[in-house]
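Chain residues, written in single-letter form:
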Amino acid sequence: MGLPDDSIHGYRLHITATSSGGSSGDDDTDAEARTFTLQEVFATPLCYSERGVSDSGLCN
């Protein structure tokens, strides 16, 4: 029906990226630009605790 799922409280994102360019040190004041290349993104839905999870792992 195009409505959002009200059993999902939010999402946990696991983002993997690689850094290239810029400084290799830990000094955040360095003016050199840093770029990142996105490798993977995994989204895990977080269910409302009172609604629970079904046997198939989906939010109720």
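This write-up is about the structure you can find in this document. All of these numbers come straight from a predicted model, not from anything done at the bench.

1. Quick notes on the overall build of the chain
- Counting its secondary structure elements, the chain contains zero helices and two strands.
- Looking at the 60 residues of the chain, the share that counts as buried comes to 7%.
- Sequence separation of 24 or more characterises 50% of the internal contacts of the chain that already satisfy a separation of 6 or more.
- Summing over all exposed atoms, the chain offers an accessible surface of approximately 5200 Å²; the carbon and sulfur share of this is 53%.

2. Thoughts on the state of the cysteines
- Summed over the entire model, instances satisfying the criterion amount to one disulfide.
- Covalently, C47 is tied to C59 through a disulfide, its sulfur atoms 1.9 Å apart. The chirality of the disulfide connecting C47 with C59 is left-handed, given an S-S dihedral of about -85°. Of this pair, C47 sits in strand β2 (residues 35–47) while C59 sits in the segment after β2, and the two are twelve residues apart along the sequence.

3. Concerning the environment of S56
- You can see S56 is positioned in the segment after β2.
- Side chain to side chain, S56 and S54 meet in a polar contact 3.0 Å long.

4. Details of the environment of T35
- Among the secondary structure elements, T35 is positioned in strand β2.
- On the accessibility criterion, T35 (42% relative accessible area) is partly exposed.
- For the pair T35 and A17, spaced 18 residues apart in the sequence, the C-alpha separation amounts to 9.8 Å.
- Residues in contact with T35, not counting those within four places in the same chain, are T18, S19 and S20.

Rules and cut-offs
Residues numbered from 1 in each chain as written. Predicted model: local features only at pLDDT ≥ 70, side-chain atom pairs only at ≥ 80, totals over all residues. Heavy atoms only, no water. Helix = DSSP H or I, 4+ residues; strand = E, 2+ residues; numbered from the N terminus. Buried < 20%, exposed > 50% of the residue type's maximum accessible area, 1.4 Å probe, protein only. Contact = heavy atoms within 4.5 Å. Areas by Shrake-Rupley, 256 points an atom, 1.4 Å probe, with all protein chains shown as cover. Disulfide = S-S within 2.5 Å. Polar contact = N/O pair within 3.5 Å; in protein donor to acceptor, adjacent residues only side chain to side chain.

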